[in-house]
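Structural overview for review
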Amino acid sequence: MLDKLEAIRQRYEDVNEQLMQPEAMSDMKRYKTLNKEYKDLGKIVTEYRNYQQVLSNIEGAREVIATEKDEDFRQMAKDELETLLPEQERLEAIIKDLLIPKDPNDSKDVIMEIRAGAGGDEAAIFAGDLQRMYMRFAERQGWKMELVDATEGTSGGYKEIILAVKGEDVYAKLKFESGVHRVQRVPATETQGRIHTSVASIVVMPEAEELDVQIDMNDVRKDLFMSSGPGGQSVNTTYSAVRLTHLPTGLVAQCQDQKSQLKNFDKALQVLRSRIYEIELAKKNEAEGATRKSMIGGGDRSDKIRTYNYPQGRVTDHRIGYTVYNLASVMEGNIDDFVEQLRIAESAERLQEGVA
């Protein structure tokens, strides 16, 4: 492992030198790739340096124990060793995890789509609850969440809401939220007190940048229309809303959140580009034989992934069989346990398959 870490440190230094060269900025695609590699390698190098320091301290403590005649000094060295050895194990575990090949999209921002499914008004209300849950989670992560487009439900919530989430490692933490989320509770509109089951589906896509997907604008039809959503008279009386249709694929994206037609166009194009990127990514994975029926990440979008049972205060992730009984806290955005358990499961799968 030390040889591999030393090679990574050397590569880190080489990339740093390349980034400092004046010609690096002349090719933005290459610069972006190098910058991302530098950032990713930096996380490993930081822990490697900590690990080197601990190994050096362990060697020093053992030398004192072996050669020092003063019993007080020897005892101090023994006490230090008792602290250093667990720290060595902790750092080794962190480094091994960092060395597992990561999804290249993990560092990307995301486009999140939440849609009400079966359950009528209650499904739309639940979609709104999920949006609020992710908004709270994003706030605690220091991320920025922007509304792209929304269709409100007749009794609250959303029939559909599309969001852009920006920050550090957003896709890495949200990618396993894609799938069908099921809620079991007594709706506010239920007069008999019966428990209903409703669902909402979530799609999380890595946000594609212009360098990731080249779109020929001659292949895109642009339609303007009046905003039908909230936003005041100044929004609803102008043709500021934008709908883009990608003619080769038939994919459609629209935005009516902003008063500015230009801003709506940029947001709609952002969503359209990400949808095209997701399709191309799926084709690439299939061509490489990389698509696998993973327990956590390779399932179909129609797969039921999580149940929120209000009477029992229970939330269960069906992919990994993980259950908590703090539903109220989860709905306030405290989904860290699920994010971490799914990350651990993904790492275990990659190790088991010999990807590393």
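Residues numbered from 1 in each chain as written. Predicted model: local features only at pLDDT ≥ 70, side-chain atom pairs only at ≥ 80, totals over all residues. Heavy atoms only, no water.

1. A short note on the overall build of the chain
Summing up its helical and strand segments, the chain has nine helices and 11 strands in all. Taken along its principal axes, the extent of the C-alpha atoms in the chain is 85 × 60 × 40 Å. Evaluated residue by residue, the chain yields a buried proportion of 39% over its 356 residues. Taking contacts inside the chain between residues at least 6 apart in sequence as the whole, the part at least 24 apart equals 61%. (Helix = DSSP H or I, 4+ residues; strand = E, 2+ residues; numbered from the N terminus. Buried < 20%, exposed > 50% of the residue type's maximum accessible area, 1.4 Å probe, protein only. Contact = heavy atoms within 4.5 Å.)

2. Observations regarding the nonpolar core
Residues Ile-114, Leu-130, Met-133, Tyr-134, Leu-174, Tyr-308 and Val-330 are the most contacted members of the largest nonpolar core, which totals 30 residues. Breaking this core down by element, the ones donating at least two residues are strand E1 (110-116), helix H4 (121-141), strand E3 (158-166), helix H5 (170-174), strand E5 (196-206), helix H8 (327-331) and helix H9 (336-352). At seven residues, the largest contribution of residues to this core is made by H4. What Tyr-134 contacts, discounting residues up to four positions off in sequence, is Met-112, Ile-114, Met-145, Leu-174, Glu-177, His-181, Ile-202, Arg-306 and Ile-335. In terms of nonpolar packing, the next biggest core, distinct from the first, is built from 22 residues, Ile-162, Leu-244, Ala-253 and Cys-255 among them. (Core = buried A, V, L, I, M, F, W, Y, C linked by side-chain atoms within 4.5 Å.)

3. Brief notes about the environment of Trp-143
Tracing the sequence through the fold places Trp-143 in the loop between H4 and strand E2 (144-152). Note on Trp-143: relative accessible area 10%, which makes it buried. On a C-alpha basis, the gap between Trp-143 and Val-165 in space is 6.8 Å, while along the polypeptide they are 22 residues apart. Here Glu-168 takes part through its backbone oxygen, which lies 3.2 Å from a polar atom of the side chain of Trp-143. (Polar contact = N/O pair within 3.5 Å; in protein donor to acceptor, adjacent residues only side chain to side chain.)

4. Looking at the UniProt feature "domain: Peptide chain release factor" (unreviewed entry) in the chain
The positions UniProt marks with the feature "domain: Peptide chain release factor" (unreviewed entry) are residues 63-177. Along residues 63-177 one finds 52% helix and 22% strand; the C-alpha atoms at either end are 51 Å apart. (UniProt positions renumbered as here; feature names shortened; annotations may be inferred.)

5. Quick look at the environment of Ser-201
Within the secondary structure layout, Ser-201 lies in strand E5. Classification of Ser-201 by relative accessible area gives partly exposed; the value is 27%. Considering only alpha carbons, one finds Ser-201 and Val-242, 41 residues apart in sequence, at a separation of 24 Å. Contact partners of Ser-201, with chain neighbours within four places excluded, come to Glu-113, Ile-114, Arg-115, Gly-179 and Val-180.

6. What to know about the environment of Asp-336
By the element assignment, Asp-336 lies in helix H9. Asp-336 gets classed as partly exposed once you look at its relative accessible area, which sits at 30%. Expressed as a C-alpha distance, the spacing of Asp-336 and Phe-137, which sit 199 residues apart in the sequence, is 8.3 Å. A distance of 2.9 Å separates the side chain of Asp-336 from the side chain of Arg-140, its partner in a polar contact.

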